[in-house]
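The residues making up each chain are set out below.
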Amino acid sequence: MPDAADGTRHALLAATLPPLEAASAHVQALAQRGLERRYRRGALIIQEGERGGALYIVRSGRLRAFVADASGKELTLGLYGPGEYVGEMSLDGGPRSASVEATEATVCTLITREQLLGYIAEQPDFALEMMARLIRRARLATENARSMALIDVYGRLTHLLDQLAEPPDAQGRRVLRERMTHQQIAHHLACSREMVSRLLKDLETGGYVAVCERRLVLLKALPVRW
């Protein structure tokens, strides 16, 4: 049972960290049990293939999960912001299935495997919540595999832009939620940065996209074929 000092430490931690309005009640409660960790941009938090038992809840900033081959070619699996978490696959005790890095200065709450299992024992409903999240990730992985196998680079690009864009404004324009470089987009599409640059330049010339304050803006519906 936690002593008074532990309770004081967790209360002080909760007071110094950003709120988690975007997270579920279970994630908010779980976050009170962990320790704050701060990471600079580019810091590698999880290494693919290593064994580890920690869950990372994002308080501020953003994390990128990715896989890479021996030549350094990367494929981005997902981006995770405040209220989201990574590392839950470590519950089975196996090696990490992907690497995770901070794409900007990021604050996380680190939850040990023991703390996570203890919380699940107290709150079994959280296991169902985690299961639903894993199912969503599995479906996304299936969709990404299908996209890589059956859809060309342009099709993957338009699909990604549609996923990342905000709802249209009064003028019908859609702004991407993320500031992404051409190399970051290439990591999502498993193609070269040069290919992304060429496609976006062609779309910009055609009046379909523009760049405003370093964010990509979709000016109108993108053509099905290019």
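Residues numbered from 1 in each chain as written. Predicted model: local features only at pLDDT ≥ 70, side-chain atom pairs only at ≥ 80, totals over all residues. Heavy atoms only, no water.

Chemist: Help me out: how do you make sense of the overall build of the protein chain in this one?
Modeler: For the protein chain, the helix and strand inventory stands at seven helices and eleven strands. Here the protein chain, with 226 residues, has 38% of them falling under the buried criterion. Considering only contacts in the protein chain between residues 6 or more positions apart, those separated by 24 or more positions represent 68%. (Helix = DSSP H or I, 4+ residues; strand = E, 2+ residues; numbered from the N terminus. Buried < 20%, exposed > 50% of the residue type's maximum accessible area, 1.4 Å probe, protein only. Contact = heavy atoms within 4.5 Å.)

Chemist: Which parts of the structure should I look at to understand the packing of aromatic side chains?
Modeler: Two aromatic rings, taken as a pair, are described by how far apart their centres are and by the angle between their planes. Considering all chains together, one arrives at two aromatic pairs under this definition. On the numbers, 5.5 Å between centres and 80 degrees between planes, the contact of Tyr119 with Phe126 is edge-to-face. Residues Tyr119 and Phe126 agree in their burial class; the two are buried. In this structure, Arg64 is placed above the aromatic ring of Phe66, and the distance from its NZ or CZ to the ring centre is 4.2 Å. The lysine or arginine in question, Arg133, covers the ring of Tyr85, its NZ or CZ lying 4.0 Å from the ring centre. (Phe/Tyr/Trp six-rings, centres within 6.5 Å; stacked < 30°, edge-to-face > 60°. Lys NZ or Arg CZ within 6 Å of the ring centre and 35° of its normal.)

Chemist: Would you take a moment to explain the packing of helix 6 (residues 182-189) against helix 7 (residues 193-205) for this structure?
Modeler: The description of two helices packed together rests on the angle between their axes and the distance between the axes. Put simply, helix 6 and helix 7 touch, their axes get as near as 8 Å, and they point 110 degrees apart. Relative to helix 7, the element helix 6 lies roughly perpendicular. Taken together, the residues of helix 7 that come into contact with helix 6 (itself represented by His182, Gln183, Ile185, Ala186 and Leu189) are Arg193, Val196, Ser197 and Leu200. The residue inventory of the contact of helix 6 with helix 7, partitioned by class, reads five nonpolar, three polar and one charged. (Axes fitted to C-alpha atoms, helices over the stretch in contact; angles between N-to-C directions. Parallel < 35°, antiparallel > 145°, perpendicular 65-115°, else oblique. Nonpolar A, V, L, I, M, F, W, Y, C, P; charged D, E, K, R; others polar.)

Chemist: Just to check I follow, could you spell out the sheet that holds strand 10 (residues 209-212) for this structure?
Modeler: Either a parallel or an antiparallel arrangement is found when strands of a sheet pair, and the pairing is made through backbone hydrogen bonds. Across the sheet, three strands lie side by side as 9-11-10; this open sheet has antiparallel pairing. Every interior strand has two partners, whereas the edge strands, strand 9 (174-175) and strand 10, have only one. (Pairing = 2+ DSSP bridges.)

Chemist: Would you take a moment to explain the nonpolar core for this structure?
Modeler: Nonpolar side chains in soluble globular proteins tend to end up buried together. One finds Leu157, Leu161, Ile185, Leu189, Leu200 and Leu203 to be the most contacted residues of the largest nonpolar core, which totals 22 residues. Counting residues per element, the ones that place at least two in this core are helix 5 (153-164), helix 6, helix 7 and strand 11 (215-218). With six residues, the single largest contributor to this core is helix 5. What Leu157 contacts, discounting residues up to four positions off in sequence, is Ile185, Leu189, Leu199, Leu200 and Leu203. Ranked by size, the runner-up nonpolar core spans 15 residues in total, among them Tyr80, Val100, Ala102 and Cys108. (Core = buried A, V, L, I, M, F, W, Y, C linked by side-chain atoms within 4.5 Å.)

Chemist: I'm lost on the confidence of the model for the protein chain in this one. Help?
Modeler: Low-pLDDT portions of the prediction should not be read for the details of their coordinates. Summarising the model, the protein chain shows a mean pLDDT of 86, and 90% of its residues fall at 70 or more. Confidence drops under a pLDDT of 50 for residues 1-18, and excluding neighbours within four residues, the segment shows 16 contacts in the predicted structure. (pLDDT = per-residue confidence, 0-100.)

Chemist: It is not clear to me how the side chain of Glu178 should be interpreted in this structure. Could you clarify?
Modeler: Here Glu178 lies in the loop between strand 9 and helix 6. Relative accessible area serves as the criterion here: at 15%, Glu178 is assigned to the buried category. Those residues in contact with Glu178, other than ones at most four positions away along the chain, are Arg62, Leu79 and Arg215.

Chemist: Any chance you could explain the packing of helix 5 against helix 7 here in plain terms?
Modeler: Across the interface, helix 5 lies against helix 7 with an axial gap of 11 Å and an inter-helix angle of 70 degrees. Classified by the angle their axes make, helix 5 and helix 7 are roughly perpendicular. For the pair formed by helix 5 and helix 7, the contact residues are Val153, Tyr154, Leu157 and Leu161 on the first element and Met195, Leu199, Leu200 and Leu203 on the second. When the residues that make up the contact of helix 5 with helix 7 are grouped by side-chain class, the tally is eight nonpolar, no polar and no charged.

Chemist: Is there a simple way to think about the environment of Leu160 in this case?
Modeler: Within the fold, Leu160 resides in helix 5. With 29 residues separating them in the primary sequence, Leu160 and Leu189 have C-alpha atoms 8.2 Å apart. When near neighbours in sequence (up to four residues on either side) are disregarded, Leu160 contacts Ile185, His188 and Leu189.

Chemist: Where do I start with the sheet that holds strand 2 (residues 44-46) in this structure?
Modeler: Read across the sheet, four strands follow the order 2-7-4-5 without closing on themselves; strand pairing throughout is antiparallel. Each edge of the open sheet carries a strand with a single partner, namely strand 2 and strand 5 (74-80). In this sheet, neighbouring strand axes are inclined to one another by 35 degrees on average, regardless of whether the strands run parallel or antiparallel. Where strand 4 (residues 63-68) and strand 7 (residues 99-102) come together, four bridges link them in antiparallel fashion. Along strand 7, the bridge assignment pairs Arg64 with Glu101. Against the sheet, helix 6 contacts strand 4 and strand 5, and its axis sits at roughly 100 degrees relative to strand 5.

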